[in-house]
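The primary structure of each chain is shown beneath.
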Amino acid sequence: MSETALVVGASSGIGRAIAAALAASGTDLVLAGRNQEELARTAADLALRHGVKTSVRPFEALDFDSHPVLIGSCERLDGVMLCHGQQFEQEEAQADPQLARRMIDVNFTSAVSVLEAAARRLEAQGSGWISALSSVAGDRGRPSNYLYGASKGGLSTYLQGLDARLAGAGVRVLTVKPGFVDTGLTYGRPGLFLVASPEKVAADVVRALRRGRSVVYSPWFWWGILAILRAIPTRIFRRLSL
Amino acid sequence: MRHVSRAVSGWGNYPVAQCDVYRPETRADLAEIVARAPQSSLIARGLGRSYGDAALNAGHAVIQSDRLDRLLSFDPEGGVLACEAAVSLAEILDVFLPRGFFFPVTPGTKFITVGGAIAADVHGKNHHRSGSMAASLLDFQLLTARGDVLTCSREENADLFWATLGGMGLTGVILEARLQLRPVDTAAMVVDQEKARDLDAVLERCAESDDDYDYSVSWIDCLARGRSLGRSILLRANHAALEDLPASARAEPYAPQRRLQLSVPFTLPSFTLNPVSVRAFNTGIYHVHRSGRTVRDCDGYFYPLDRVHHWNRIYGRRGMLQYQCALPHESARQGLVEVLEELSSTRRASFLAVLKSFGAASEGVLSFPRPGFTLALDLPYTGPDALAALARLDRIVARHGGNVYLAKDACLDPQLFRDMYPGLERFREIKDKVDPEHRFSSSQARRLGLAEAP
C-alpha cells in the first residue's frame, strides 16, 4: 500500500514541484488549492507521469472552519505538506495594516489551523509526517521584509514546538527554509541572488523527509548565510541596510 | 504580471534581440498577459529551438510558456495523448516509450515543445511516408488576441487550424493539443547505412528504396567538389520488431540505453569551426562510415546532437545560421547542384548537412514541407557576408520553385518569401479575422511582412 500525502498550495511554484517530487517517489496525492482547474491539470499530469493516484480539494486559507473538514476528507493520510503562502511588499504592508494582517493570517494563522487538525489525526494514527514551507526570512527580522519574515518566523517556531510534541507519537515534522526560489512570486523582482529552481527545493524537501530531518535550508548554503546574519550584533545590524 | 527585460536569441545565437519576457505559471496568468500586457505585441516561446528570429520579438514581449507543461490524458487503447503546449517531445518519449508509444513525427532534436512543433508544422526523417506534424495532430485549443479559447480541428475552425499549423505562433497561443501517438514494439531502430559516391547516386537510392524505410536521411559532405559533389551516407531505418533485438534484450524491449550526456560547458571561440576543421571532419566522417545494418536505440538514430547539451556553443559567440530549403522533384537535382556548388565555391563549410526526401505536403497554409527533396545546413555566422551567401542560396531556391523553412530562417527577404509561400495572402486574411490589431507578432513576422508593426 503506497503512502498518501496532502499537498496544500499545489497548483504552482514550489508546491507543484514538491507534489511532483513526491509523486515521483511513488506517493499518492491529495492536492488542495484555490484554483481547481489548475489543480486538476497538475493532478492529471502527475497521475499520468508517475502512475500514482491523485485527487483534488478546494482550499481557502482564511476559511478556518473548512480546514478540519479538508483533513477529514482524506481517506488515507500519511503526510501533510503546506506550501501556500502570500507575500506583499514590505512598504505596502507597512502602509496598509489590512495587508500586513492578511499576510500573517495566510502564512501563520491558517497554517496553524490546518496543521493542528493534521497533528491530531496523525498523532492518533501514531505515524506520518508534517512539513511546511517557512522561509529564511523568518530567521532574523530585517527592515526590508520583517512583516513577511515575522509570519514565517512564527511558523518556524510553531513547527519547532510541534516537532517536539509529536516526536514521541512517531510523527516527524520538517521545517523547510528556502532562500530565493524562481517562482511566479519572485519572477521579475529586482535584487534577488542565488535563486534556486522549485525542483531543487523539492528535491531537498523529499530527501530531508526521507532522512527524518527536522529543519532543512534549501539550497543548503542558506544555513551558513543565516548563521552569519544571526550572529551580527544588534548595534551593527541596525546600521546595515538589509 | 512582472516581466524581465533581457537579450533573447534562437538556437543559432543569431540574431540577438532585447525582449520583455513574461513567464506565466498558470493559464490565468497567460490570459492576463495576453489581455493586459502593456507591450503592443507578443509571441509565445517554448524551448527556444527555432534557430533564427521566429521566437524573438525585438522591443516587444515574449511569453516564455515553459511552465504550462502538463500531460492531461492518455488513452492507451487508441494512443491519443492530450497535453499542454509546453510539454516537450523528450518528456513524451520518457513517459510513453516505456509504454510502447512513439512520437509520430520527430525532428532532429527532442528538446522541442508540442506547441512549437505545431507552430512550425515540424517534419521528421519519416516525412516521405508519414507527413508532417499535421498528420498526427487531432485538435488543439487556441487562446486568441480577443481572449477567446477556440477548439481548432479539421472540422471546427478549420481555417484557423490550418493557419496555426506552420503559422509560427502568429494566430494566438496554443494552450493544449491532442496527438495521435504511434505504437512501437521496441525502443530500438534497425538502421541501414549505405554510402553514395555523388549526388546522383544518393538521389537515385532515395527514389528507389526510401519506400522500404519509415525513416530516411542522408548526411551529405557539402565540401566535396567535382565528381564527388554531393557524396553522402544514407541512414535509413525502421522501428525494430521484438525479434530484431538480441535475445538478452527481449525481456525489456523499451529499456532505455544509458548514455553519457555530454555538454559544451562554455562558448568556444568563433574560429573553432573553420573551413579546414570542417573539411577534415566531413572527410573523416565519410571515410569512417561503413555500409551495413545495425540495431541501435532510437536516441542514437534520431537525436545524435541531443547527446551534447549546448552543442550550438561550438559556433562561438557570433552564432550560426541554419539553412533549410525544399526543392520540388522536377528541379531538385539542378537546384541542389547549384546550392552545393555555391557553397563549395565560396568555401562555406557546413559542419553538418543533411538531405532527405519529402512526401506529400500538409494543408498548413504556411507549412514548409512539399514533395521533393530538402537540404539542411548550418553555417557559422561570420558577418554580413554570411547573410549575403544565404541570400544567394535563397535566390537559387526561389528560381527552382523551392522554399525555405521559417523555423530556421533568420534573414529571408520578404519579396522572396512571397514567391516561396503562395499561401501568404490567405494566411493574412485568416489572421486579420482573429487578430486584426496584430497582438501576436515577432521579429521574423515583421521582417517577412507576416504581421505589421503595431
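What you are looking at is a predicted structure, and each value in this text was computed from that prediction instead of being measured.

This next bit is on the overall build of chain B. A count of helices and strands for chain B gives 13 helices and 21 strands. By its C-alpha atoms, chain B is 60 × 55 × 45 Å across when sized along the principal axes. The buried share of chain B, taken over its 454 residues, is 61%. Within chain B, counting contacts between residues at least 6 apart in sequence, those at least 24 apart form 73% of the total. Of the roughly 17,500 Å² of accessible surface on chain B, a fraction of 52% belongs to carbon and sulfur atoms. In chain B, the 52 positive side-chain charges and the 54 negative ones have mean positions that sit 7 Å from each other.

What follows covers the side chain of B:Ser88. When you line up the elements, B:Ser88 lands in the loop between β6 (80–84) and α2 (89–96). Among all residues touching B:Ser88, those that are not within four sequence positions of it are B:Leu47, B:Lys110, B:Ile112 and B:Thr113.

In this section: the domain arrangement of chain B. Residues and elements named next belong to chain B. Parsing chain B into structural domains produces domain 1 (71–184) and domain 2 (188–413). Each of domain 1 and domain 2 has a C-alpha centre, and the two are 24 Å apart. On the domain 2 side, the residues contacting the 31 residues of domain 1 number 34 residues. Carbon and sulfur atoms make up 58% of the area that domain 1 and domain 2 hide from each other, which totals about 2,900 Å².

So, about empty space enclosed by the protein. Residues and elements named next belong to chain B. Going through the model one piece at a time under the given rule, you end up with 2 cavities of 30 Å³ or more. Estimated volume of the largest cavity: approximately 70 Å³. Gln322, Tyr323, Gln324, Leu390, Asp394, Val404, Tyr405, Lys408, Asp409, Ala410, Cys411 and Leu412 are the residues that line the largest cavity. Listing elements by their share of the lining of the largest cavity, those giving two or more residues are β18 (320–327) and α10 (384–399). Element by element, the count of residues in the lining of the largest cavity is highest for β18, at 3 residues. Along the lines of polarity and charge, the residues of the lining of the largest cavity split into 7 nonpolar, 2 polar and 3 charged. What the second largest cavity holds in volume is close to 40 Å³.

Overall, the coordinates contain 19 aromatic pairs over all chains when judged by the stated rule. Judged by centre distance (6.4 Å) and plane angle (75°), the rings of B:Tyr215 and B:Tyr301 are edge-to-face. You can see B:Tyr215 sitting in strand β13 (residues 215–220) and its partner B:Tyr301 sitting in helix α8 (residues 298–302), a full 86 residues away along the chain. Among the residues examined, B:Tyr215 registers a relative accessible area of 0% and is labelled buried. Since its relative accessible area comes to 4%, B:Tyr301 is described here as buried. In this arrangement the basic side chain of A:Arg140 is found over the ring face of A:Phe237, its NZ or CZ atom lying 3.7 Å from the centre. Its guanidinium or amino end placed over the ring of B:Trp11, B:Arg49 lies 3.9 Å from that ring's centre, counting from NZ or CZ.

Rules behind the numbers
Residues numbered from 1 in each chain as written. Chains lettered and ligands numbered in written order. Predicted model: local features only at pLDDT ≥ 70, side-chain atom pairs only at ≥ 80, totals over all residues. Heavy atoms only, no water. Helix = DSSP H or I, 4+ residues; strand = E, 2+ residues; numbered from the N terminus. Buried < 20%, exposed > 50% of the residue type's maximum accessible area, 1.4 Å probe, protein only. Contact = heavy atoms within 4.5 Å. Areas by Shrake-Rupley, 256 points an atom, 1.4 Å probe, with all protein chains shown as cover. Lys, Arg positive; Asp, Glu negative; His and termini not counted. Charge placed at Lys NZ, Arg CZ, Asp CG, Glu CD. Domains from an automatic or database assignment. Buried area = accessible area lost by both parts, 1.4 Å probe. 1 Å grid on protein atoms, 1.4 Å probe; cavity = no way out; pocket = protein on both sides within 12 Å on 5 of 7 lines; lining within 4 Å. Points joined across faces, edges and corners; volume = space filled by probe spheres on them. Nonpolar A, V, L, I, M, F, W, Y, C, P; charged D, E, K, R; others polar. Phe/Tyr/Trp six-rings, centres within 6.5 Å; stacked < 30°, edge-to-face > 60°. Lys NZ or Arg CZ within 6 Å of the ring centre and 35° of its normal.

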